[in-house]
Amino acid sequence: MEKQAYVQVIVDIAHSNVDKIFDYRLPPGLTAGVGCRVKIPFGRTETEGIVLSHKTETEIAEDRLKDVIRCLDDRPVVNREQILLAQYVCARYRTTMAFALRLMFPAKIRGGRIHKKKIRMARVTDAALAAQARAGCFTKEGVVRAKNRLHTLDRLLEGPCPTALLDAASVRALAQKDILEVYFETSYRRPYEELCAPEKDITPTDEQVHAIRAISAAIDAGKNRTFLLHGVTSSGKTEVYIACVKRALSLGKTAIVLVPEISITPQALGEFARHFGEEIAVFHSGLSDGERFDEWRRVRDKKARIVLGARSAVFSPLENIGVIILDEEQAETYKAENHPAYHAAEIANMRCKMTGAALVLASATPLIEDYVKAELGIYHLLEMPHRVGNIPLPDIRVVDMKKEYMRGNRGPISGLLHEEIKKMLANGEQSLIFLNRRGYASSLVCPSCGHVRMCTHCDVPLKYHKNENRLLCHYCGRSFPLEETCPECGGKLLKFAGTGTEKIEEQIRSLFPGARVLRMDFDTTRRKNAHAEIYEAFRDHKADILIGTQMISRGLDFSNVGLAAIISADSLLYAGDYRQEERTFAMIEQVGGRAGRVRKGTVVVQTFNPENYAVRFAAAHDYKGFYRQEVAFRKASCKPPFGRFFRMVFTHADEARAQKACAQARIMLEPLLQPYASDILLFAAKPAPVARLEGKARYHILLKVRTSRTTAQIRDHVWDVWDAVRKKGVLVSVDTDPYNMN
């Protein structure tokens, strides 16, 4: 007699009250593999769940057990490694197992909201009849009398063909005569299918060879090791990635390559496609639901062994991973802002430990915390201080905008920048202009009473977008009409303050009327494949000047760019968080690195603070000098990695409820933190800097502690309080060392 089988299931409900494993009986004849979704009875309804394991015995009484209704998948949607990874995410970020598992596969799979693409095809079933039918398409004199049918037959005699490419009436007629059959064929939706970089002959430098050998040795050994690849811009880091991925594939292993921006994906994919072709799957938020599903399916079905994509690609269903690479590892986009607030590097590190893979963190401007680990020997440091071909780093020329203002120049384009752009246009070289603000103006101010137009749902100024002639909120996305009078005093002379990429584009077109100008920001890249189109147009020199936000600040490789300009280096210098100098240094180095990649280029940095140490060290391309000073400041002020920040944010439509939850959390935390008082440097509970967001009030608790043996215990207490207060109807989030303090 066959022994009764049971399955352990996690219910697909992301609520802490049901965040546990349930036993279900597996009826005879029904199979459900580990990682498959099943339809199960739960309470008074039916829902989905994911099988985590099988068992032959259960402690639950038979009369309390329920049967699995059916299995929803012929193949698992999560593999065993992903289940272990989800358990890590639960423990590290205090989320539910159901929520953690949802990170591992496309959202539309849940509920069966996405399906395989099927193409209606036709093929010849009787070649002799087809030949007779083809002969009948001609008159006795050899004149074609059935042009559409002839075309259909000729196409089908070459092989099967989608019916969409054939004449519908001819297909019907031929099918009725049993000359052809119509059937459906499963197909993959492929993003960027035609994208491939041109062939080029590359001889690795000694620095590249050293890095490749070190990383390849770790891949060969299958023992987890983390490398910090510190290479200046244009030092050939991408070629190192490609060589290491080749090594992993040669051993039958797989690879993940993460990039920080969607805008970088087309270029990176082009370079990798030159070597790996169909082996690559792409993951990022710009894909359609169908494309994301099919790329995920190609990886799960082992038709692609390389995953290239943004942050979420780290959860892809690869098995036997040999190497994970984070390009531009300093980028803040690797940190998720919503719960769970994971960092892609942390997830990658855990996956590498689970599989014995090598982890490569690569950047021209590594995170301070990571360089500290490299100095301590926790990470293995690999340095590439020279550009390929020994091309010198660009000259960085700093413009003091205070002096420009004193000379009467009130605009955002300095005299030096104007002359340099003119020089580039005359020489047939391209220019890249960076400003980390989109839109036309940063705010709309009444000069009479000083009133600033604010979003009705968020505690932030509205931005003016001239192309739409409307005011937009960059937080909630709401749009408002531009009014001619001040709502406070009735004044009619409203003033636009600040500058965005839209305004820079207008001024550049006015100053250089013959120049071909492109803009790459959130507003110009909403349309599908817009990133790739703008990138390819600029790469092919169909434009002289590219203006953009952070999308153009890193990773892009244009051979003809002779000038890179930063309109305002102060935009990050006063961001109000402990990383502001680090971000400013990285921004100048990364934007500047787009210039002079074939011959020496020029970088113009405009700032009101030319004496700031981040600006000075960046102008000298001196990362180590900046690192030493920044580390000294952080050590003196106990900022990461010498201290840690913990932040709890309380959000609710009713301000009184958000404030009350924040106050209760503080009261609960105080006695728990008392034993660690000597290590606590800041403990504040107050309204968040952005006190209202999307119509909801926000309060926060900010905790700053000295790094010590008690740090983990303090973190656990914060999470314990979070677990207690979040059940009171108020949305509560926790973040460690947040990238955004707003």
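Here, every reference points to the structure presented above.
Residues numbered from 1 in each chain as written. Predicted model: local features only at pLDDT ≥ 70, side-chain atom pairs only at ≥ 80, totals over all residues. Heavy atoms only, no water.

Student: Which residues make up the overall build of the protein chain, and what values go with them?
Tutor: Looking only at helices and strands, the protein chain has 20 helices and 30 strands in total. Taking 742 residues into account, the globule formula puts the C-alpha radius of gyration at 27 Å, and the protein chain, at 30 Å, falls close to it. Its C-alpha atoms put the protein chain at 90 × 80 × 65 Å along the principal axes. Classification of the 742 residues of the protein chain by burial places 53% in the buried group. Residue pairs in contact within the protein chain that sit at least 24 positions apart in sequence constitute 74% of those at least 6 positions apart. Accessible area for the protein chain stands at about 33,400 Å²; split by element, carbon and sulfur atoms hold 50% of it. Side chains of the protein chain carry 109 positive and 89 negative charges; the gap between the two charge centres is 2 Å. (Helix = DSSP H or I, 4+ residues; strand = E, 2+ residues; numbered from the N terminus. Rg over C-alpha atoms; globule rule 2.2 N^0.38 Å. Buried < 20%, exposed > 50% of the residue type's maximum accessible area, 1.4 Å probe, protein only. Contact = heavy atoms within 4.5 Å. Areas by Shrake-Rupley, 256 points an atom, 1.4 Å probe, with all protein chains shown as cover. Lys, Arg positive; Asp, Glu negative; His and termini not counted. Charge placed at Lys NZ, Arg CZ, Asp CG, Glu CD.)

Student: Describe in detail the packing of helix α6 (residues 206-221) against helix α7 (residues 237-250), supporting the description with residues and values.
Tutor: Taken N-terminus to C-terminus, the directions of α6 and α7 make an angle of 30°; their axes are 9 Å apart at the nearest point. Relative to α7, the element α6 is oriented roughly parallel. Pair α6 / α7 crosses with right-handed handedness. For the pair α6 and α7, contact is made by Q208, A211, I212, I215, S216, I219 and D220 and by E239, V240, A243, C244, R247 and A248, respectively. Broken down by class, the residue content of the contact of α6 with α7 amounts to eight nonpolar, two polar and three charged. (Axes fitted to C-alpha atoms, helices over the stretch in contact; angles between N-to-C directions. Parallel < 35°, antiparallel > 145°, perpendicular 65-115°, else oblique. Left-handed = near helix turned anticlockwise from the far one by under 90°. Nonpolar A, V, L, I, M, F, W, Y, C, P; charged D, E, K, R; others polar.)

Student: Hey, could you go over the nonpolar core for me, with residue numbers and the actual values?
Tutor: Counting residues in hydrophobic clusters, the biggest one holds 88 residues, and the most contacted among them are L101, L326, I347 and I588. Per-element tally for this core: the top contributor is helix α1 (residues 80-93), with seven residues. Setting aside anything within four residues of it in sequence, one finds I588 in contact with I396, I566, A569, V605, V615 and A618. (Core = buried A, V, L, I, M, F, W, Y, C linked by side-chain atoms within 4.5 Å.)

Student: Give a detailed account of the sheet that holds strand β9 (residues 225-231), specifying residues and quantitative values.
Tutor: If you trace the seven strands from one edge of the open sheet to the other, you get β11-β12-β10-β13-β14-β9-β15, paired in parallel fashion. The open sheet is flanked by β11 (280-283) and β15 (380-384), the only strands paired with a single partner. Each strand axis lies, on average, 15° off the axis of its neighbour in the sheet, ignoring direction. In this sheet, strand β12 (residues 306-309) lies alongside strand β10 (residues 254-258) in parallel orientation, the contact comprising four bridges. When the bridges of β12 are listed, A255 appears paired with I306. Along the sheet, helix α11 (residues 368-375) contacts β9, β14 (358-363) and β15; its crossing angle with β9, the most-contacted strand, is approximately 115°. (Pairing = 2+ DSSP bridges.)

Student: An account of the environment of P162 is needed here, citing residue identities and associated values.
Tutor: Tracing the sequence through the fold places P162 in strand β7 (residues 161-162). With 23 residues separating them along the chain, P162 and E185 place their C-alpha atoms 9.2 Å apart. Residue contacts for P162: discarding those within four places in its chain leaves I119, R120 and M121.

Student: Tell me what's going on with the environment of H275, and back it up with residues and numbers.
Tutor: Secondary-structure assignment places H275 in helix α8 (residues 265-276). Using a relative accessible area of 30% as the deciding quantity, one classes H275 as partly exposed. If we ignore the near neighbours within four places in the chain, the residues touching H275 are E239, I242 and K246.

Student: Can you break down the pattern of salt bridges residue by residue, with the values?
Tutor: Oppositely charged side chains may form a pair once their charged atoms are brought near each other. Applying the stated criterion to the full structure yields 59 salt bridges. Notably, a salt bridge pairs R190 with E278, separated by 2.6 Å at the nearest N-O pair. Placement of R190 in the loop between β8 (180-187) and α6 and of E278 in the loop between α8 and β11 is noted, with a sequence separation of 88 residues between them. With a shortest N-O distance of 3.5 Å, K302 and E319 are connected by a salt bridge. Note that K302 is positioned in the loop between α9 (289-300) and β12 and E319 in the loop between β12 and β13 (321-327), a separation of 17 residues in sequence. Residue E319 is classed as partly exposed on the basis of its relative accessible area of 37%. Overlapping salt bridges, with partners in common, bring together E369, R579, E582, E630 and R634 in one network. (Salt bridge = Lys/Arg side-chain N within 4 Å of Asp/Glu carboxyl O.)

Student: Break down α7 for me, with residues and values.
Tutor: Helix length check: α7 (14 residues) gives 20 Å between terminal C-alpha atoms against 20 Å at 1.5 Å per residue, within 8%. Listing the buried residues of α7 in full gives K237, E239, V240, Y241, I242, C244, V245, A248 and L249. Of the residues trailing α7, G252 is marked for its positive phi of about 80°. (Expected span 1.5 Å × (residues − 1).)

Student: Tell me what's going on with the sheet that holds strand β1 (residues 5-11), and back it up with residues and numbers.
Tutor: Taken in spatial order, the five strands line up as β2-β1-β4-β3-β5 in an open sheet, and their pairing is antiparallel. The outermost strands of the open sheet, each flanked by one partner alone, are β2 (21-26) and β5 (70-71). Pairing analysis gives six bridges linking strand β3 (residues 37-42) to strand β4 (residues 45-55), with the strands arranged antiparallel. The residue of β4 that forms the bridge with K39 is E48.

Student: Just give me the short version of the side chain of R579, but keep the residues and values in it.
Tutor: Relative to the helices and strands, R579 resides in the loop between β25 (561-566) and α16 (580-592). Discounting residues that sit within four places of it in the chain, R579 has contacts with E369, R634, D737, P738 and Y739.

Student: Tell me about the state of the cysteines, and name the residues and values.
Tutor: What the rule picks out here adds up to zero disulfides. C137 takes part in no disulfide bond, and the closest cysteine sulfur, belonging to C161, lies 16 Å away. Free cysteine C476: the closest other cysteine sulfur is in C473, separated by 3.7 Å. (Disulfide = S-S within 2.5 Å.)

Student: Tell me about the packing of α11 against helix α18 (residues 623-637), and please be specific about residues and values.
Tutor: Where α11 meets α18, the closest approach of the two axes is 11 Å, and the angle between their N-to-C directions is 100°. As summarised for this structure, α11 and α18 are arranged roughly perpendicular, according to the angle between their axes. Here α11 contributes I368, E369, Y371, V372 and E375 to the contact with α18, which in turn contributes Y623, K624, F626, Y627, E630, V631 and R634. Tallied by class, residues from the contact of α11 with α18 come to seven nonpolar, no polar and five charged.

Remember that the coordinates give geometry; whether it matters functionally is a separate question.
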